[in-house]
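Below are the chains, spelled out letter by letter.
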Amino acid sequence: WEIECYARRVGSPVDPVVNVYRATDKAGLAGSDDARGQDSYMRWQVPEDGEYFIRVADHLNLGGPTYVYRIELTPVTPSLKLGIPRIDRYSQTRQTVVVPQGNRYGTLILATRIDFGGPLEILPQNLLPGVKLFAQPMHPSLTLVPVVFEAAADAPVAGGLVDFRAKLADPQQPPIEGGFENVADFVLGEPNNAVYITGVVQKLAMSVADPVPYHIEIVQPKAPLVRGGTMNLKVLVKRDAGFDGPLTLQFPFNPPGVSSRGAVNVDKGQNEGVYQLNANGDAMFGKWPMI
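Everything numeric here is computed off the predicted structure, so don't read it as measured data. (Residues numbered from 1 in each chain as written. Predicted model: local features only at pLDDT ≥ 70, side-chain atom pairs only at ≥ 80, totals over all residues. Heavy atoms only, no water.)

Some details on the pattern of salt bridges
Cut-off, in case you're wondering: One speaks of a salt bridge when a side-chain nitrogen belonging to Lys or Arg is within 4 Å of a carboxyl oxygen belonging to Asp or Glu. In this scheme, a residue with accessible area under 20% of its type's maximum is buried, one over 50% is exposed, and one in between is partly exposed, where area comes from a 1.4 Å probe on protein chains only.
A complete count under the given rule lists 12 salt bridges for this structure. The partner of Arg9 in a salt bridge is Glu4, with the nearest N and O atoms 2.9 Å apart. You can call Arg9 partly exposed: its relative accessible area is 38%. Of the charged contacts, one joins Asp39 and Arg9 as a salt bridge, the two residues approaching to 2.7 Å between their closest N and O atoms.

Below you can see the structure in the form of structure tokens.
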């Protein structure tokens, strides 16, 4: 069972300490303090059928009419949550997907498997009109997968909150499906930028935007990258007439066991960049997408 006490998170002055006791001999079996900030949370395996007590106490043994709390007991069930890795804890930078008309937008999707394992499939559904996505299944050992969204040239310029989802891609296990969850920190304070108020949106903010004046394309290698070897990926920039500005190419995902030198600069007026990959001696075998 999951045992969770809500107090400080719902505005109560209680600093809860939760303990579980056996009814027959009052033996203490489990306890929790400050697992969710100052609130309590724990998982408890019931040793046998019988009667048990849960005690909730304030850490300083205080009380009063406003010292309220809520305690929840829920069975442990597998679940799946999706998100975009944060590059800044206190902002929404890159927590949205903006796809230019006739072009693509790449991002990493972070998957959190809770009480299950296995490969995941990103579901190409519930997207904005004229938008499609490309993603290969997420390997059971990975928590990140690159996803590319592509908008048709005539896709309507619009935005919305999308029910972005994935599912367990193992027919030998019970079906599990989960969606996107974005947390925004609204009010911070002392000490150490403690978060006082947050907002949670269980949708992915997505929009189709006006065109940008370039496309980029990775040239497909003619030979594989071998363990202990290197490879130069050529990236082509196709510029619209009148645009010759410099570009910075960033590669947010490398296959397991593969490293790189980081960003690649394409100077003003240039149309090519070279991205060097290095594979260590135990890099994972397979075909991997690069974005």
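Quick look at the confidence of the model for the chain
Defined as follows: The pLDDT value expresses, per residue, how confident the predictor is, ranging between 0 and 100. Helix numbers and strand numbers start at the N terminus; a helix is a DSSP run of H or I with at least 4 residues, a strand a run of E with at least 2.
For the chain, per-residue confidence averages 94 on the pLDDT scale, and 100% of positions sit at 70 or higher. Within the chain, no element has a lower average pLDDT than strand S17 (residues 194-201), which sits at 84, and none a higher one than strand S8 (residues 97-100), at 98.

Regarding the layout of surface pockets
What counts, and what does not: Cavities and pockets are defined on a 1 Å grid built over the protein atoms alone: a cavity is a set of grid points where a 1.4 Å probe fits but cannot escape, while a pocket is an open set with protein on both sides within 12 Å along at least five of seven lines, and lining residues are those with an atom within 4 Å of any such point. Grid points are joined across faces, edges and corners, and a volume is the space filled by probe spheres set on the points. When residues are grouped by polarity, Ala, Val, Leu, Ile, Met, Phe, Trp, Tyr, Cys and Pro land in nonpolar, Asp, Glu, Lys and Arg in charged, and all others, Gly among them, in polar.
Considering only enclosed or pocket space, the second largest pocket measures out at about 1,300 Å³ in volume. When contributions to the lining of the second largest pocket are tallied by element, the ones reaching two or more residues are strand S1 (2-6), strand S4 (41-43), strand S7 (79-83), strand S9 (104-114), strand S16 (182-189) and S17. The residue inventory of the lining of the second largest pocket, partitioned by class, reads 15 nonpolar, 10 polar and 10 charged.

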